[in-house]
Every structure is written in C-alpha cells, then in structure tokens.
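# Remarks on the overall topology
For reference, the chains in residue letters:
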Amino acid sequence: MDMMPTNATDYLLNWVFATNTPDYVTNLKLAITPNATTVYVTNWMLPTATNTLAYWLNWRFLLCAIVVLTPMVFAAYLIWRYEGSKDTDDEEEDENVTKGTLYADDAWRPCLEQIHPACLLAFRVFAFGTLLTFLVWNIIIGGAGIFFYYTQWTFASVIIYFGLGSLFSVYGCYQYCTGAVGDHVMLDKDRGAYVAPMPEENGNQGNISKSWVPEQHYVRKTAGTWGYIFQTIFQMNAGAVILTDSVYWLVLYPLLSHLPQYHYKPTLIVIVMHSLNAVFLLVDTILNCLQFPWFRIAYFTLWTGIFVIFQWIIHACVSIWWPYPFLDLSSSYAPLWYLGVAVMHLPCYFLFVLITKLKHSLLSKWFPNSYQCMAS
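Cut-offs and rules
Residues numbered from 1 in each chain as written. Predicted model: local features only at pLDDT ≥ 70, side-chain atom pairs only at ≥ 80, totals over all residues. Heavy atoms only, no water. Helix = DSSP H or I, 4+ residues; strand = E, 2+ residues; numbered from the N terminus. Buried < 20%, exposed > 50% of the residue type's maximum accessible area, 1.4 Å probe, protein only. Contact = heavy atoms within 4.5 Å. Areas by Shrake-Rupley, 256 points an atom, 1.4 Å probe, with all protein chains shown as cover. Salt bridge = Lys/Arg side-chain N within 4 Å of Asp/Glu carboxyl O. Phe/Tyr/Trp six-rings, centres within 6.5 Å; stacked < 30°, edge-to-face > 60°. Lys NZ or Arg CZ within 6 Å of the ring centre and 35° of its normal. Core = buried A, V, L, I, M, F, W, Y, C linked by side-chain atoms within 4.5 Å. Expected span 1.5 Å × (residues − 1). Axes fitted to C-alpha atoms, helices over the stretch in contact; angles between N-to-C directions. Left-handed = near helix turned anticlockwise from the far one by under 90°. Nonpolar A, V, L, I, M, F, W, Y, C, P; charged D, E, K, R; others polar. Parallel < 35°, antiparallel > 145°, perpendicular 65-115°, else oblique. Polar contact = N/O pair within 3.5 Å; in protein donor to acceptor, adjacent residues only side chain to side chain.

When helices and strands are tallied, the chain shows 11 helices and four strands. Buried positions account for 43% of the 376 residues belonging to the chain. If you take every contact in the chain between residues at least 6 apart in sequence, the share linking residues at least 24 apart comes to 80%. Accessible surface for the chain amounts to roughly 20400 Å². Of this, 67% is attributable to carbon and sulfur atoms.

Before going further, it helps to examine the pattern of salt bridges. Side-chain pairing between opposite charges can occur once the charged atoms of the two side chains come close. Across all of its chains, the model carries three salt bridges by this definition. Ionic pairing is found between Asp284 and Arg124, a salt bridge with its closest N-O pair at 3.0 Å. With Asp284 in helix α9 (residues 268–287) and Arg124 in helix α6 (residues 117–142), this pair connects stretches of sequence that are 160 residues apart. By the burial criterion, Asp284 is buried, and Arg124 matches it.

Before going further, it helps to examine the packing of aromatic side chains. Each pair of aromatic rings is reported with the distance of its centres and the angle of its planes. Following the criterion strictly, the structure yields 34 aromatic pairs and no others. Arranged with centres 4.7 Å apart and planes meeting at 5 degrees, the rings of Tyr161 and Phe230 form a pair that is stacked. Taken together, the residues Tyr161 in helix α7 (residues 150–178) and Phe230 in helix α8 (residues 225–257) connect sequence positions 69 residues apart. Phe230 matches Tyr161 in its accessibility class, with the two residues each being buried. Between the NZ or CZ atom of Arg81 and the centre of the ring of Tyr82, over which it lies, the distance is 5.2 Å.

The next point concerns the nonpolar core. Phe162, Trp312 and Tyr338 are the most contacted members of the largest nonpolar core, which totals 69 residues. The set of elements that each furnish at least two residues to this core consists of α3 (53–56), α4 (59–82), α6, α7, α8, α9, α10 (297–317) and α11 (334–366). If one sorts the elements of this core by residue count, α8 sits on top with 12 residues. Apart from the residues lying within four places of it in its own chain, the contact partners of Tyr338 are Cys64, Val67, Val68, Val308, Trp312, Phe326, Leu327 and Leu329. Counting residues in each nonpolar core, the second largest holds six residues, with Cys111, Leu112, Leu363 and Cys373 among its members.

Right, let's get into α7. The α-helix advances 3.6 residues per turn, and as a result positions three or four apart in sequence lie on the same side. Between its terminal C-alpha atoms α7 stretches 42 Å, which fits the 42 Å expected from 29 residues at 1.5 Å a residue. With respect to burial, α7 is a largely interior element, 21 of its 29 residues being buried. Following α7 by one or two positions, Gly179 adopts a phi angle in the positive range, close to 80 degrees.

On the secondary structure map, Pro117 appears in helix α6. Residue class for Pro117 comes out buried when judged on its relative accessible area of 2%. In contact with Pro117, not counting residues within four places along its chain, are Trp108, Pro110, Cys173 and Tyr176.

Where α4 contacts α10, the two axes come as close as 9 Å, and the packing angle between them is 145 degrees. In this structure, α4 meets α10 at a crossing whose hand is left-handed. Residues Phe61, Cys64, Ala65, Val68, Leu69, Pro71, Met72, Ala75, Leu78 and Ile79 of α4 form the contact with α10, whose own contacting residues are Ile297, Ala298, Tyr299, Thr301, Leu302, Gly305, Ile306, Val308, Ile309 and Trp312. Class assignment for the residues of the contact of α4 with α10 results in 18 nonpolar, two polar and no charged.

Here we come to the side chain of Asp106. Of note, Asp106 is situated in the loop between α5 (90–95) and α6. Using a relative accessible area of 3% as the deciding quantity, one classes Asp106 as buried. In this view, Asp106 contacts Arg220, Cys289 and Leu290; residues no more than four positions away in its chain are not counted.

The interhelical angle for the contact between α10 and α11, taken along N-to-C directions, is 150 degrees, at an axis separation of 10 Å. Between α10 and α11, the interaxial angle falls into the category roughly antiparallel. Both α10 and α11 take part in a crossing whose hand is right-handed. Contact residues: Ile297, Phe300, Thr301, Thr304, Val308 and Trp312 in α10; Tyr338, His345, Leu346, Cys348, Tyr349 and Phe350 in α11. When the residues that make up the contact of α10 with α11 are grouped by side-chain class, the tally is nine nonpolar, three polar and no charged.

Turning next to the side chain of Thr50. Within the secondary structure, Thr50 sits in the loop between α2 (22–32) and α3. The exposure class assigned to Thr50 is buried, which follows from its relative accessible area of 1%. A polar side-chain atom of Thr50 sits 2.7 Å from the main-chain carbonyl oxygen of His315. Apart from residues no more than four positions distant in its own chain, Thr50 is found in contact with Tyr55, Trp56, His315, Ala316, Val318, Ser319, Ile320 and Trp322.

Moving on, we come to the environment of Asn138. With respect to the helices and strands, the residue Asn138 is situated in helix α6. Taking the C-alpha atoms as reference points, Asn138 and Gln152, 14 residues apart in sequence, are found 9.5 Å from one another. Excluding residues within four positions of it along the chain, Asn138 makes contact with Gly143, Ile146, Gln152, Ile269 and Met273.

Note that all results are geometric; they support no functional claim without further evidence.
Shown next as structure tokens:
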C-alpha cells in the first residue's frame, strides 16, 4: 500500500531518498526506522517521472512558468532601459553620470585613500585562492555533478569575480605606482598645476614669474567592457550568495537537522559553500569603490531564471531527481514555492543595496577627506 508524506519531515525524507544512492537510502532507512527488522521503500519515496507529457502539460507548470518568465522579461527591459541606450549626448551623460556609470579605476581603487591598492589586491588574491581550493576539493569528492546545484553555480561565479578583481587590482597597482591615473597625471586638486613659462615668454619674466592653471581635476576614464562585466558579476553574486545561504541555513538545514535519529552535521565544505563566499564578498564590498545601482537586480534575476530553465530542460529529457525539493513540479504547492523563492530575490538583493548605502553614509562622514566612492 502506498504511503504519502504526512509532514515536513516526511517530505524532506522523500528528497533525501530521491537524491542518494540505494545503499545510502537503505542504511538511512534502517537508522530511522524504530523496528529495523525490515526495510521498505514506498512509492512516494521514489522520484516522479519528469520526462512525460503529463508532468509538464498542466496548470502547475503553467503557473510556475509565469512566475519564472515574467521577472525575466522585466529584467530584460531594465537592461535595455538602463544599459542598452548608452548613446546619449554629453549633457544627458553628465546628468546621469551617477546612474550605473563605472570608471576604470573603480574596479581596483579602495574606498579610502589611506588604503593602498595593494591591500585590496592581496585580499582578492587570498579570496580567489581559498575559494578555488575548496571548489576543487568539492569536485574531487563529489565529481562534476556538483554543478547540478545553484550553490555551485554561484560559488564558481564568485571565484570568477575574485579572479577578475585580482587582475584589475594588479593593473591598478601599476597605475597607482606610476601616477598615471585617468587621461593625465593626477593634478593637485587645491592649487592646480604649475606650468613653466615658454621660451618666448622669458622676456616678460619681470611681469610674469609663474603661471598657474586654475583648479582642476584629472580626467577619469569610464570603464570598458570588461569593467562593466566585472561590476555586473559583482552585483549578480551579491544577491545570489544571500539567496543561496539564506535558503540553506533558514530552510533546508533546520528541517534536515531534525530528521529522527539522523545526525545532520555540515561538513567543512558545506559550511564554506554556504557562508565563506558571502563573507568574502561582503569584505570586498566594504573595501572597493564599485557602485551598486538598483536596476542591476536584472542580472541576478536572469541568473536564477537561467538555472531554473536549465533544470526544466534536463528533467524534460531525463527523469532524475530535483536538486532542491521546491523545484519539483508534481506538488500542487509548486507555484507557491516558486513564487516564494522569486519574492526572496528582492530582500536578498536590496540587503546588499542597503549595505552599500550604509557604507557610503558612514565612511563619508567618518573620513570626509579621504573617502573616494560615489553614492549609488
């Protein structure tokens, strides 16, 4: 006789059984069954066939598709609206210079003048090496199949961010040491730059001994394509790591840790994958000069949407387990799960927006003469 899950623990057991090998399932069932003289596997413990038309041609998938595709369409509009129309005249460009504008030195310049760019470089190299080491370790243990999870997608993306950041910081250290920042060598912002008299002016030195250029600033170059890619990856990761870590620690971990007689102890790799990436990204956020315009939540939205569509394509072709139980479309509550996760994108992203605004507010007050970042 078929048994149906009666509570959240049973549902999580369903997921555990569906995502592990038969030997592991047998051992786990023996461990949690009070009278372990027999082992049985009921139908609800087995994954539902996902490569059938009945699984996809129904109202549940229709609603879930609307939940996923609608934000993606809106995200595409935001990118077109704020990123696609760069060909504006000079006046409009001056007025909108703070709306997502990235300067070339923003990718490597620390937020305070007292912090040498080499400090940011050292941190980024350390973060890159540490995260890459854990990822390689995880691949050795779990194989390439770990990239079936959104966590590994995001973790790898964070590694790419710190790798690119290290390259930008190396270039920035060279620029900083040579004094060549922007289109010209940095000028004295208080007194201007001294200009030596031309030879033909030597006869008039009695009247003009020195010539001073009025106060001016060095010209800052706007970032190129790679600079904007770097900033986009930064903002996309900011929302993704918060989403990944919050879902794991606030939803999955509490439920899994209360499985009957199942001692759920996170391994070092699991802890790193769901915490250290966010810590490193937060430290880099405090140190760097990158802006955090709100409209780039579009890339975060597309990142998650692409992952979900990737899962749909895989499951439509092959009947396999879902990496996360809330992605399973067989449940009548699937549209609510999808909607809940979609809504979570807003607080996850705007938490980082709040952090950057708080950083700007505090550091600009505490270090008014050395704070170098622009408000987002």
